[in-house]
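# Structure at a glance
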Protein chains: 2
Amino acid sequence: MKVEKILPKDIEARSFEIIEQELGDAELDAMQKPIIKRAIHTTADFDYLENLYFSDGVVEKMMKAIKNGADIVTDTNMARAGINKKLLAKFGGEVYCFMADEDIAKAAKSNGTTRAAASMDKAAKLNGDVIFAIGNAPTALMRLCELIDEGRINPAAVIGVPVGFVNVVQSKEMIMERKVPQIVARGRKGGSNVAAAICNAVLYMT
Amino acid sequence: MKVEKILPKDIEARSFEIIEQELGDAELDAMQKPIIKRAIHTTADFDYLENLYFSDGVVEKMMKAIKNGADIVTDTNMARAGINKKLLAKFGGEVYCFMADEDIAKAAKSNGTTRAAASMDKAAKLNGDVIFAIGNAPTALMRLCELIDEGRINPAAVIGVPVGFVNVVQSKEMIMERKVPQIVARGRKGGSNVAAAICNAVLYMT
């Protein structure tokens with residue numbers, strides 16, 4: 001295969017052009033398409049054409065929340081590293097990941113939960129709009145569901161894309177039964193890269 | 001699907017058990033298997049059973065380099081966030097990502113290259129053993145090939161798992177033509193999560 005000559009600044013646009021071509025005549029909702037494309041861009045996996053679930057109006061709701069200065073809470077420092085924090089800051093928002101916090105390790109131990117679950121309890125204390133971007137731990141998503149049911153948390157939106165084999169599918173089914181605005185990768189796939197990509201796609205649309 | 005009752009500490013082991021089951025009787029090299037499994041664990045994508053290329057003895061060589069205090073250079077802060085830095089530090093190594101450095105932005109601009117390529121030039125100045133973990137930018141991998149050809153760099157190993165659509169396959173073909181110890185995800189797939197997972201798999205084996 002021959003190397004394609006291309007200027008650094010044009011690489012991303014060319015990538016999206018190739019994705020667009022390969023999507024062919026797939027009929028996609030105009031608000032969802034940039035998000036689907038960015039998930040494919042970050043994984044080179046066209047499964048994201050089929051597996052992403054969007055609740056009604058979730059993209060508009062996320063954009064509105066971001067404009068209002070919403071914060072983003074993630075369950076991994078990898079997702080935190082990947083989210084465009086400069087752009088979010090322009091709208092007044094911040095990205096939090098509590099996973100490595102000392103109080104989280106303690107809370108998880110004394111409650112017999114995962115640190116991911118404990119970090120959702122901490123996030124419940126944040127003021128203002130919060131978007132949750134869960135790219136790793138199904139236990140975070142399941143704990144979010146409980147906090148929603150108990151009326152202790154009211155997320156502006158949930159990005160539910162944990163990855164893996166233990167309770168991942170179940171945690172996604174659980175959040176999809178809730179009325180919260182959400183984008184979910186059905187099945188086992190997802191990841192902190194996908195969580196970050198979805199956040200960034202919506203940020204770039206805002 | 002019913003939620004599986006499981007203690008937080010057992011989730012990872014159970015995940016690997018499920019992966020093991022689904023691999024069935026695939027015959028895998030004993031040194032490669034933990035790495036293949038961890039790549040699948042981080043993506044839930046069994047393509048990594050087929051697409052990972054290992055040069056002869058690369059895992060042993062990486063383990064030896066880590067024991068000797070090798071540093072790891074990555075092309076994304078996401079991969080940097082994902083690598084087990086505490087464990088690497090026990091062996092005396094550090095993880096570097098130069099992508100956000102000011103001198104890199106300047107060098108890239110004045111050379112008309114990507115920041116990823118410029119950060120390989122900076123890495124060439126490091127002393128001691130260096131493992132390169134490229135999870136995003138094919139331009140980093142291509143620049144590495146040039147530096148190897150010019151005798152300006154001699155990586156302890158290269159993890160070549162950039163992801164995407166523009167020159168990704170080409171950059172991987174290029175590195176596989178070089179004699180450097182390497183693990184490469186053939187094709188378009190890869191990512192900073194996969195780069196981190198491969199580093200961690202080898203760290204856990206060391």
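Residues numbered from 1 in each chain as written. Chains lettered and ligands numbered in written order. Predicted model: local features only at pLDDT ≥ 70, side-chain atom pairs only at ≥ 80, totals over all residues. Heavy atoms only, no water.

### Quick look at the sheet that holds strand 2 (residues 71-74) of chain B
Residues and elements named next belong to chain B. The strand order across the open sheet formed by 6 strands is 1-6-5-4-2-3, and the pairing between neighbours is mixed. On the outer flanks of this sheet lie strand 1 (52-54) and strand 3 (95-97), each paired with one strand and no other. Along the sheet, successive strands turn relative to each other by an average axial angle of 15°, direction set aside. With 4 bridges joining them, strand 4 (residues 130-134) and strand 5 (residues 157-160) adopt parallel strand pairing. Bridge pairing links I131 to A157 in strand 5. (Pairing = 2+ DSSP bridges. Helix = DSSP H or I, 4+ residues; strand = E, 2+ residues; numbered from the N terminus. Axes fitted to C-alpha atoms, helices over the stretch in contact; angles between N-to-C directions.)

### Points about the interface of chain B and chain A
Many descriptions give the size of an interface as the accessible area lost when the pieces come together. Counting from both sides, the interface comprises 42 residues of chain B and, opposite them, 42 residues of chain A. For chain B, the biggest contributors to the area lost against chain A are M78, F165 and V166 of chain B; these three give 23% of the whole. Remark: the boundary between chain B and chain A carries 4 salt bridges. Run the count over chain B and chain A and you get 9 residue pairs in polar contact (both at pLDDT 80 or more). Elements represented by at least two residues in the side of chain B that touches chain A include exactly helix 1 (11-23), helix 2 (33-43), helix 5 (77-82), helix 9 (138-149), helix 10 (168-176) and helix 11 (192-205) of chain B. Here the side of chain B that touches chain A takes 6 residues from helix 1 of chain B, the largest share from any one element. Classifying every residue of the side of chain B that touches chain A by side-chain character gives 19 nonpolar, 15 polar and 8 charged. (Contact = heavy atoms within 4.5 Å. Buried area = accessible area lost by both parts, 1.4 Å probe. Salt bridge = Lys/Arg side-chain N within 4 Å of Asp/Glu carboxyl O. Polar contact = N/O pair within 3.5 Å; in protein donor to acceptor, adjacent residues only side chain to side chain. Nonpolar A, V, L, I, M, F, W, Y, C, P; charged D, E, K, R; others polar.)

### Focus: the pairing of strand 2 (residues 71-74) of chain A
All names here are of chain A. Residues D71 and V73 line one face of strand 2 and the alternating positions I72 and T74 line the opposite face, and both faces are buried. One ladder, built from 4 bridges, connects strand 2 with strand 4 (residues 130-134); its direction is parallel. In the strand pairing of strand 4, D71 is matched with V130. Relative to strand 3 (residues 95-97), strand 2 runs parallel, the two sharing 3 bridges. Paired with T74 across the bridge in strand 3 is C97. (Buried < 20%, exposed > 50% of the residue type's maximum accessible area, 1.4 Å probe, protein only.)

### Examining the environment of D129 of chain B
Residue and element names in this part refer to chain B. Along the polypeptide, D129 turns up in the loop between helix 8 (115-123) and strand 4. On a C-alpha basis, the gap between D129 and I66 in space is 8.3 Å, while along the polypeptide they are 63 residues apart. The residues contacting D129, other than those within four sequence positions of it, are A65, N68, A70, D71 and A156.

### Regarding the pattern of salt bridges
The full count for this structure, using the stated rule, is 34 salt bridges over all chains. We note a salt bridge from R188 of chain B to E22 of chain A, for which the minimum N-O separation is 2.5 Å. Here R188 of chain B is found in the loop between strand 6 (182-185) and helix 11, whereas its partner E22 of chain A is found in helix 1 (residues 11-23) on a different chain. Its relative accessible area of 42% is what places E22 of chain A among the partly exposed residues. It is possible to trace a salt-bridge network through shared partners that takes in D45, D47 and K189 of chain A together with D45, D47 and K189 of chain B.

### Digging into the relation of the copies chain B and chain A
When chain B is brought onto chain A, the operation consists of a screw motion whose angular component is 180° and whose axial shift is 0.0 Å, with 0.0 Å RMSD remaining. Accordingly, the operation relating the two chain copies is best matched by a two-fold axis. Proximity to the rotation axis, assessed at the C-alpha, singles out M78 of chain B in chain B; its C-alpha lies 2.4 Å from the axis. Interface overlap between copies is the fraction of interface residues in one copy that are interface residues in the other; for chain B against chain A it reaches 100%, indicating a shared surface. (Least-squares fit on C-alpha atoms with pLDDT ≥ 70 in both.)

### Remarks on helix 11 of chain B
Residue and element names in this part refer to chain B. For helix 11, which comprises 14 residues, the first-to-last C-alpha distance of 20 Å matches the rise-based estimate of 20 Å (1.5 Å per residue) to within 8%. Extensive coverage of helix 11 is indicated by the burial of 12 of its 14 residues. For helix 11, the set of buried residues is S192, N193, V194, A195, A196, A197, I198, C199, N200, A201, V202 and L203. (Expected span 1.5 Å × (residues − 1).)

### Looking at the side chain of N51 of chain B
Residue and element names in this part refer to chain B. Mapped onto the elements of the fold, N51 is located in helix 3 (residues 48-51). Residue N51 is classed as buried on the basis of its relative accessible area, which comes to 10%. Filtering out sequence-adjacent residues up to four positions away, N51 remains in contact with V184, A185, R186 and K189.

### Regarding the environment of A39 of chain A
Residues and elements named next belong to chain A. Inspection of the secondary structure puts A39 in helix 2 (residues 33-43). The class of A39 is buried, set by a relative accessible area of 0%. Linking A39 and N200, residues 161 residues apart in sequence, is a C-alpha distance of 9.9 Å. Those residues within four positions of A39 in sequence are excluded, and the remaining contacts are Y48, L52 and V194.

### Re the confidence of the model for chain A
The pLDDT averaged across chain A works out to 96; a share of 100% of its residues lies at or above 70. Note on the complex model: pTM 0.95, ipTM 0.94. (pLDDT = per-residue confidence, 0-100.)

### Here we look at the packing of aromatic side chains
Within the structure shown, the criterion is met by 4 aromatic pairs over all chains. On the numbers, 6.0 Å between centres and 80° between planes, the contact of F165 of chain A with F46 of chain B is edge-to-face. Here F165 of chain A is found in the loop between strand 5 (157-160) and helix 10 (168-176), whereas its partner F46 of chain B is found in the loop between helix 2 and helix 3 on a different chain. According to the relative accessible area criterion, F46 of chain B is partly exposed, its value standing at 24%. Look at Y96 of chain B and F98 of chain B: their rings are 5.7 Å apart centre to centre, the planes differ by 25°, and that puts the pair in the stacked class. Judged by its relative accessible area of 22%, Y96 of chain B is partly exposed. (Phe/Tyr/Trp six-rings, centres within 6.5 Å; stacked < 30°, edge-to-face > 60°.)

### So, the side chain of N193 of chain A
Mapped onto the fold, N193 of chain A is located in helix 11 (residues 192-205). Residue classification places N193 of chain A among the buried positions, given a relative accessible area of 5%. Polar contacts involving the side chain of N193 of chain A include one to the side chain of N193 of chain B, which spans 3.4 Å. Not counting residues within four places of it along the chain, the set of residues in contact with N193 of chain A comprises T42 and T43 of chain A together with M78 and N193 of chain B.

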